[in-house]
There are 2 protein chains.
Amino acid sequence: MEKRHILIGILAVLVANTLYAQQKTFNPEDYATYKTSRADGRYASSRAIGNQLMKAAEPMLQFRPEMAREEFATWKSHVKQAMTLLMKHPIVKGQPAPKRVHVTQREGYRVEKWEVYPFEKAVVSFLMLVPDNASGKKPLPAIFCTPGWGQTKEGLAGEPSLNKPGEEYNPQSMGMARQYVREGYITVVVDNPGSGECCDTEWAAGLGSYDFATFGRAMLELNWSYLGYSSYVSKLILDWVKRLPEVRRDRIIFSGFSFGTEPLMAIGVMDDEIYAFVYNDYLCRTRERILTMTKPQADGHRSYPNDIAHLIPGFLMYFDFPDLVAALAPRPVICPEGGMDRDFRLVRKAFEVSGNPDGFLPIHYKMYQDASTRQVDLEHQPEGIDVETHFRLANVDPPHHGFKAEYVLPWVKELLKE
Amino acid sequence: MEKRHILIGILAVLVANTLYAQQKTFNPEDYATYKTSRADGRYASSRAIGNQLMKAAEPMLQFRPEMAREEFATWKSHVKQAMTLLMKHPIVKGQPAPKRVHVTQREGYRVEKWEVYPFEKAVVSFLMLVPDNASGKKPLPAIFCTPGWGQTKEGLAGEPSLNKPGEEYNPQSMGMARQYVREGYITVVVDNPGSGECCDTEWAAGLGSYDFATFGRAMLELNWSYLGYSSYVSKLILDWVKRLPEVRRDRIIFSGFSFGTEPLMAIGVMDDEIYAFVYNDYLCRTRERILTMTKPQADGHRSYPNDIAHLIPGFLMYFDFPDLVAALAPRPVICPEGGMDRDFRLVRKAFEVSGNPDGFLPIHYKMYQDASTRQVDLEHQPEGIDVETHFRLANVDPPHHGFKAEYVLPWVKELLKE
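In this text the structure is predicted, and so the values were computed from the model without any measurement.

Engineer: Explain the packing of helix H3 (residues 69–87) of chain A against helix H9 (residues 261–270) of chain A here, please?
Structural biologist: Two packed helices can be described by the angle between their axes and the distance between those axes. All names here are of chain A. Remark: H3 packs on H9, axes separated minimally by 8 Å, with the N-to-C direction vectors making an angle of 125°. Comparing the axis directions of H3 and H9 gives the class oblique. With respect to the hand of their crossing, H3 and H9 are arranged in left-handed fashion. The segment H3 lies against H9, with Val79, Lys80, Met83, Thr84 and Met87 engaging Met265, Ala266, Val269 and Met270. The class makeup of the residues in the contact of H3 with H9 is 7 nonpolar, 1 polar and 1 charged.

Following this line, the structure appears as structure tokens:
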């Protein structure tokens, strides 16, 4: 009886909302960009003012294609310095070395579960997939993998889910780590903070998604950030991997999927030892997204393009993502999920000036591989767009977002052949 | 026909969700605090680790009741310095002086609408309520008012709403500014950024609430904050008010309602010229709220106690709100909406050491005025509570949150009598 009343109540609210909405004549198109009707061109909306302030704050350390070789080297050192300041990795002493807690034999490799201790009260688990032929005698290349939003290390390793029994691995990332280990490389895979075994109440409560934003908020209160924490933990593990006798320290590749490309960029520009990078997402300009994706939703909300797990205060005043990929040059980078040709031209310039013109391999999504399907010469995304338009202009095919083994594996094998 | 289908669809989803929820056995009580079953006491949950890190980061500039008078003065200068660094007010040159754009005569006073120009592309409106007897010959005291969450300057001034015709003023703040001007004081009132005339699409789309968080996010990306921006704009106006010939510069009171107590504290500790403060909210410890309000909601979400319009990265590593009220001593402060006796004892100590023991007037909500209704000796709120328990232990009576004219007006009149 009670439940029926609740449902009737909900229905009544829905109907009332529908009627109310019909009275309104709000048209998102009219508000797609920030406008002012004042003769002096000033804005009253705080949001519009914020937009103006961000426009005025052109990133200080943008890659400029006219840089000469020495200038490029100096610029790279500045990018590294800025990133180090932004990531704020603490120096934590007195913690035990990583411990191996479990081993499972699979066909051709074993899955080792390890723990690392980033702080006094903290433990973080990670998986290391080791080919059967690994030994200290002939060290192997290693690949460090970071998952996408909502994915787990088990998903990337092709291991059974710890949360949803029966689910073997996330189809989107296609067992990225398992595919690498099967090629004969030692492969390490971590969880993103707040997800997988690092989650909070999500598994216990059967929630459908991880709450990244609240953990991000906790970090921001501490004058840190989600990426600062996440890159600190990954860097601890990576530095430990480098010292393993089975690992060829000069042949470590960082392979980030989707959300996992953020730690790739942060650690990549800070750590000169990494050999190459698999940037498995479209090459995005986050700052441009913020400045152009200003079209409100149908209900009038003009929300932010992403949540605060992506927020590093001040980050976008230094650089945007293509600048960071440029700063990885001359070390090889594959971008197997496209982006704007503008950004590919820019990054290519960096590889040219660094002396490795063929080090950068961008590949568009299949539906955009024919140049006539893309706006090859587009230099700026227009203001006032929504996310669908953004993806179209950035040559992104969202339903086909996934690990691009068909491009990545041959590229990796070619790089790592002896 | 289509609409009926949508409603049936929504109903089906609701029923399915209800059935799904009944299968779960999640009990928020079991997760009220962060727990670990590990023998080494380490936490796997990133959220739990974040909680541990915040616990370890005791605020650097807490007021210590054992401070001697000189030490107190040094500490106050450090609080001022830290707040100045946190608020990051820019120096913007070449902008025009504020302009008066409109005047409305009311009984006994006039309402002047002014504009200030905080940035090249920005305009912010504010109201100045001027008693009929004001003149440059005998300057009057002035009161600077900041509204609560979702309120407008018109609401505080008792002026007709610019958005909802017919709504004269917000009943909760009870026309705070109008009550002051009727007592014969020049009264200035601003909108909070992102609300009132500073809002974005909210009025046009008929949204029921203001989106403070998205503007806050925009500021955070710029390495600034909502409060940094808001206190910058208010300080510009306040500094202009100080120079008006009609205003008695040494008798300016800052009166913040609810959310508006945040700019009060920020500007209060930075600007020694303000004469006294009306802190019209309960005296809260935000850091303690974060560390103790850890009980998940029924659905399992363990969300943050407030949104990012309240976030100033690193702020809580310096001080919490009672420390800031302590740093206002010896200048008079009234707290007419209670709080914990612990915090009142602390602030009282600051007023004693500053040489003005009676300068601080805390008054509990009516339902908590009898000491037997409060836990007078409570030194810490326990971990694992929800917001209702927090309010109860902080002696807050939420339905009666509002401008406490009955306490504030006599206190102000006594202070400002000649």
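Engineer: I'm lost on the interface of chain B and chain A in this one. Help?
Structural biologist: Many structure descriptions define interface size as the accessible area lost when the parts assemble. On the chain A side, the residues contacting the 77 residues of chain B number 77 residues. In total, about 6,500 Å² of surface goes out of reach between chain B and chain A, with carbon and sulfur atoms giving 62% of it. When residues of chain B are sorted by the area they lose upon contact with chain A, B:Arg42, B:Arg217 and B:Glu221 head the list and together hold 11% of the total. If you look at where chain B meets chain A, you find 7 salt bridges. Note that B:Arg47 is salt-bridged to A:Asp200, the shortest N-O span being 4.0 Å.

Engineer: Looking at this model, I keep getting lost on the confidence of the model for chain A. Mind explaining?
Structural biologist: When pLDDT drops low, the exact placement of atoms in the prediction is not to be read closely. Model confidence for chain A is summarised by a mean pLDDT of 93, while 92% of its residues fall at 70 or above. For this predicted complex, the interface score ipTM comes out at 0.93, alongside a pTM of 0.93.

Engineer: Sorry if this is basic, but what is going on with the packing of aromatic side chains here?
Structural biologist: Think of a pair of aromatic rings as described by two things: how far the centres are apart, and how the planes are tilted against each other in angle. Tallying each qualifying case throughout the model produces 54 aromatic pairs over all chains. Aromatic side chains A:Phe119 and A:Tyr229 sit 6.4 Å apart centroid to centroid with 20° between the ring planes, which places their arrangement in the stacked category. Residue A:Phe119 is found in the loop between strand S2 (109–116) and strand S3 (124–131), and its partner A:Tyr229 is found in helix H8 (residues 226–242); the two are separated by 110 residues along the sequence. Residue class for A:Phe119 comes out buried when judged on its relative accessible area of 9%. For A:Tyr229, a relative accessible area of 2% translates into the label buried. Here A:Phe351 and A:Phe360 contribute two aromatic rings whose centre-to-centre distance is 5.6 Å and whose plane-to-plane angle is 20°, an arrangement assigned as stacked. Residue classification places A:Phe360 among the buried positions, given a relative accessible area of 5%. Put simply, the rings of A:Phe119, A:Trp149, A:Tyr210, A:Phe212, A:Phe215, A:Trp224, A:Tyr226, A:Tyr229, A:Tyr232 and A:Phe259 pair up and form one aromatic cluster. Between B:Arg251 and the ring centre of B:Tyr275, over which it is positioned, the NZ or CZ distance is 4.1 Å.

Engineer: Which parts of the structure should I look at to understand the relation of the copies chain B and chain A?
Structural biologist: Between the two chain copies there is a screw-like relation: a rotation about an axis and a shift along it. For the match of chain B to chain A, the screw axis carries a shift of 0.0 Å, the RMSD comes to 0.0 Å, and the turn is 180°. Taken together, these values place the two copies in the relation of a two-fold axis. A shared interface surface links the copies, since 100% of the contact residues of chain B are contact residues in chain A too.

Engineer: I'm lost on the sheet that holds strand S4 (residues 140–146) of chain B in this one. Help?
Structural biologist: The strands that make up a sheet pair up through hydrogen bonds in the backbone, lying either parallel or antiparallel. All names here are of chain B. One open sheet holds the 9 strands; their spatial order is S1-S2-S3-S5-S4-S6-S7-S8-S9, and the pairing between them is mixed. At either margin of the open sheet sits one strand with a lone partner, and together these are strand S1 (99–106) and strand S9 (360–362). Each strand of the sheet is rotated relative to its neighbour by a mean of 15°, with strand direction disregarded. Pairing of strand S6 (residues 247–257) with strand S7 (residues 276–280), which is carried by 5 bridges, proceeds in the parallel orientation. Within the sheet, the bridge partner assigned to Gly256 lies in S7 and is Tyr279. Of the strands in this sheet, strand S8 (333–335) and S9 touch helix H12 (residues 341–353), which is tilted by about 165° from S9. Along the sheet, helix H14 (residues 405–416) contacts S4, S6, S7, S8 and S9; its crossing angle with S7, the most-contacted strand, is approximately 175°.

Engineer: What exactly am I supposed to notice about H14(B) here?
Structural biologist: Note: α-helices contain 3.6 residues per turn, so residues at a spacing of three or four share the same orientation. Residues and elements named next belong to chain B. Taking 1.5 Å of rise per residue, the 12 residues of H14 would be expected to cover 16 Å, and the 16 Å separating its terminal C-alpha atoms lies within 8% of that figure. Listed in full, the buried residues belonging to H14 are Ala405, Tyr407, Val408, Leu409, Trp411, Val412, Leu415 and Leu416. At its buried positions, H14 is contacted by S4, helix H5 (176–182), S6, S7, S8 and S9.

Engineer: I'm lost on the nonpolar core in this one. Help?
Structural biologist: One finds A:Phe315 and B:Phe315 to be the most contacted residues of the largest nonpolar core, which totals 196 residues. Not counting residues up to four positions away in its chain, the partners in contact with B:Phe315 are B:Met83, B:Leu86, B:Met87, B:Phe321 and B:Leu324.

Engineer: What is the right way to read the side chain of B:Asp211 from this model?
Structural biologist: Within the element layout of this structure, B:Asp211 appears in the loop between helix H6 (202–205) and helix H7 (212–221). For the buried B:Asp211, no salt bridge is present, and the opposite-charge side chain at shortest range is A:Arg47, 4.0 Å distant. Here the side chain of B:Asp211 touches B:Ala213 through a polar contact of 3.4 Å, landing on its backbone nitrogen. With sequence-adjacent residues up to four places away left out, B:Asp211 is seen in contact with A:Arg47, A:Arg302 and B:Glu202.

Engineer: I tried to follow the pattern of salt bridges on my own but got confused; where do I start?
Structural biologist: Side chains that carry opposite charge are capable of pairing whenever their charged atoms lie near each other. Residue and element names in this part refer to chain A. In this structure the tally under the stated criterion is 75 salt bridges over all chains. When the shortest N-O distance is used, the salt bridge between Glu197 and Lys153 registers 2.6 Å. Taken as a pair, Glu197 in the loop between strand S5 (186–190) and helix H6 (202–205) and Lys153 in helix H4 (residues 153–157) lie far apart in primary sequence, 44 residues in all. On the accessibility criterion, Lys153 (0% relative accessible area) is buried. A salt bridge links Lys235 to Asp239, with the nearest nitrogen and oxygen atoms 2.9 Å apart.

Cut-offs applied
Residues numbered from 1 in each chain as written. Chains lettered and ligands numbered in written order. Predicted model: local features only at pLDDT ≥ 70, side-chain atom pairs only at ≥ 80, totals over all residues. Heavy atoms only, no water. Axes fitted to C-alpha atoms, helices over the stretch in contact; angles between N-to-C directions. Helix = DSSP H or I, 4+ residues; strand = E, 2+ residues; numbered from the N terminus. Parallel < 35°, antiparallel > 145°, perpendicular 65-115°, else oblique. Left-handed = near helix turned anticlockwise from the far one by under 90°. Contact = heavy atoms within 4.5 Å. Nonpolar A, V, L, I, M, F, W, Y, C, P; charged D, E, K, R; others polar. Buried area = accessible area lost by both parts, 1.4 Å probe. Salt bridge = Lys/Arg side-chain N within 4 Å of Asp/Glu carboxyl O. pLDDT = per-residue confidence, 0-100. Phe/Tyr/Trp six-rings, centres within 6.5 Å; stacked < 30°, edge-to-face > 60°. Buried < 20%, exposed > 50% of the residue type's maximum accessible area, 1.4 Å probe, protein only. Lys NZ or Arg CZ within 6 Å of the ring centre and 35° of its normal. Least-squares fit on C-alpha atoms with pLDDT ≥ 70 in both. Pairing = 2+ DSSP bridges. Expected span 1.5 Å × (residues − 1). Core = buried A, V, L, I, M, F, W, Y, C linked by side-chain atoms within 4.5 Å. Lys, Arg positive; Asp, Glu negative; His and termini not counted. Polar contact = N/O pair within 3.5 Å; in protein donor to acceptor, adjacent residues only side chain to side chain.

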